[in-house]
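For reference, the chains in residue letters:
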Amino acid sequence: IDEVAWVDWAVRQFEWTAPRSWMIPLLTDGRPPLFVWLTAPMALLVDNGFLAARLVSALAGVVSTVALYALG
């Protein structure tokens, strides 16, 4: 259910033209909006919202791994 809520915010309820909608996840659910901000443009590129969310998660994992390797 949690994944559905995140994808719903990013794909259906996020609007680039309405700055007020940028903080809705934080104000209503207390969720940090970074994932929503990253998933929304990916959803424009990929037709499937769940695939877009999983691609963002996978890319975040790769970036984290590379950053930790460089730090180490």
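Scroll up a little and you will see the structure.
Residues numbered from 1 in each chain as written. Predicted model: local features only at pLDDT ≥ 70, side-chain atom pairs only at ≥ 80, totals over all residues. Heavy atoms only, no water.

What follows deals with the packing of helix 3 (residues 34-45) against helix 4 (residues 49-71). Here helix 3 crosses helix 4 at 120°, and the two axes come no closer than 9 Å. Between helix 3 and helix 4, the angle falls in the class oblique. As for the relative orientation of helix 3 and helix 4, their crossing is right-handed in sense. Contacts from F35, L38, T39, M42 and A43 in helix 3 reach A52, A53, L55, V56, S57 and L59 in helix 4. Split into classes, the residues belonging to the contact of helix 3 with helix 4 amount to nine nonpolar, two polar and no charged. (Axes fitted to C-alpha atoms, helices over the stretch in contact; angles between N-to-C directions. Helix = DSSP H or I, 4+ residues; strand = E, 2+ residues; numbered from the N terminus. Parallel < 35°, antiparallel > 145°, perpendicular 65-115°, else oblique. Left-handed = near helix turned anticlockwise from the far one by under 90°. Contact = heavy atoms within 4.5 Å. Nonpolar A, V, L, I, M, F, W, Y, C, P; charged D, E, K, R; others polar.)

The α-helix advances 3.6 residues per turn, and as a result positions three or four apart in sequence lie on the same side. Over its 23 residues, helix 4 runs 33 Å from end to end, which matches the ideal 33 Å to within 8%, given 1.5 Å per residue. Every buried residue of helix 4 is listed here: G49, A52, A53 and V56. Buried residues along helix 4 sit against helix 1 (2-13) and helix 3. One side-chain oxygen at the N-terminal end of helix 4 lies 3.2 Å from the backbone nitrogen of F50; it belongs to N48. (Expected span 1.5 Å × (residues − 1). Buried < 20%, exposed > 50% of the residue type's maximum accessible area, 1.4 Å probe, protein only. Polar contact = N/O pair within 3.5 Å; in protein donor to acceptor, adjacent residues only side chain to side chain.)

For the rest of this paragraph, the subject is the side chain of T39. Residue position: T39 is located in helix 3. Assessed through its relative accessible area of 0%, T39 is described here as buried. In terms of polar contacts, T39 uses its side chain to reach the backbone carbonyl oxygen of F35, at 2.7 Å. Discounting residues that sit within four places of it in the chain, T39 has contacts with A10, A52, A53 and V56.

Shape descriptors only; they carry no functional weight alone.
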